[in-house]
Amino acid sequence: MAAVPWIRRCGWGGRSRPWLIAVCGLLPLLWLCRQAGQPPPQAADPIGRRLQLQLLEDPRPDPAGASCRALAQLPVGRTELLFRPCPP
């Protein structure tokens, strides 16, 4: 650990507080283990936001026929919505 000599020179380490060096070394390791164990976000995960939009057109079938698309107006622009399966 490169920071150990600096900590001892400042009087924070050494015989009086060896637990400080141990904690400072273990915290980043624990954080990395926690980050590595989390799965990456998926497309189906909820994002926790509520959007208000207005449909500009009725959903119409996609040329491939597997879904429907509709244009929607958001407060900051427009987006295209994809419906699988098509709404009745």
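Our subject in this report is the structure included herewith. (Residues numbered from 1 in each chain as written. Predicted model: local features only at pLDDT ≥ 70, side-chain atom pairs only at ≥ 80, totals over all residues. Heavy atoms only, no water.)

1. Let's talk about the pairing of strand E3 (residues 68-74)
Successive residues of a regular strand alternate their side chains across the two faces of the sheet. Here E3 shows a buried face lined by Cys68, Ala70, Ala72 and Leu74 and an unburied face lined by Arg69, Leu71 and Gln73. Here 2 bridges tie strand E1 (residues 54-55) to E3, and the two strands are oriented antiparallel to one another. When the sheet's bridge partners are listed, leucine 55 is paired in E3 with alanine 72. Sheet analysis places strand E2 (residues 60-61) next to E3, joined by 2 bridges and oriented antiparallel. (Buried < 20%, exposed > 50% of the residue type's maximum accessible area, 1.4 Å probe, protein only. Helix = DSSP H or I, 4+ residues; strand = E, 2+ residues; numbered from the N terminus. Pairing = 2+ DSSP bridges.)

2. Here's the deal with the environment of arginine 84
With respect to the helices, strands and loops of the structure, arginine 84 is situated in the segment after strand E4 (77-83). For arginine 84 and alanine 66, which are 18 residues apart along the polypeptide, the C-alpha to C-alpha distance reads 7.1 Å. In contact with arginine 84, not counting residues within four places along its chain, are Ala66 and Ser67. (Contact = heavy atoms within 4.5 Å.)

3. A closer look at the state of the cysteines
Think of a disulfide as a covalent bridge from one cysteine sulfur atom to another cysteine sulfur atom. Under the counting rule described, the total for this entry stands at 1 disulfide. One disulfide bridge connects cysteine 68 with cysteine 86, the sulfur atoms lying 1.8 Å from each other. Linking cysteine 68 and cysteine 86, the disulfide has an S-S dihedral of approximately 105 degrees and is accordingly described as right-handed. One end of the pair, cysteine 68, is in strand E3; the other, cysteine 86, is in the segment after E4, and 18 residues separate them in sequence. A residue is classified by how much of its surface remains accessible, and cysteine 86, at 33% relative accessible area, is partly exposed. (Disulfide = S-S within 2.5 Å.)

4. Observations regarding the pairing of E4
Bridge count for E3 against E4 is 7 bridges, and the pairing is antiparallel. Each bridged residue has a counterpart across the sheet, and for alanine 72 the counterpart in E4 is threonine 79.

5. Some details on the side chain of aspartate 62
Mapped onto the secondary structure, aspartate 62 falls in the loop between E2 and E3. A polar side-chain atom of aspartate 62 sits 3.0 Å from a polar atom in the side chain of arginine 69. In this structure aspartate 62 touches Ser67, Cys68 and Arg69, once residues within four positions along its chain are discounted. (Polar contact = N/O pair within 3.5 Å; in protein donor to acceptor, adjacent residues only side chain to side chain.)

Keep in mind these numbers describe shape, not what the thing actually does.
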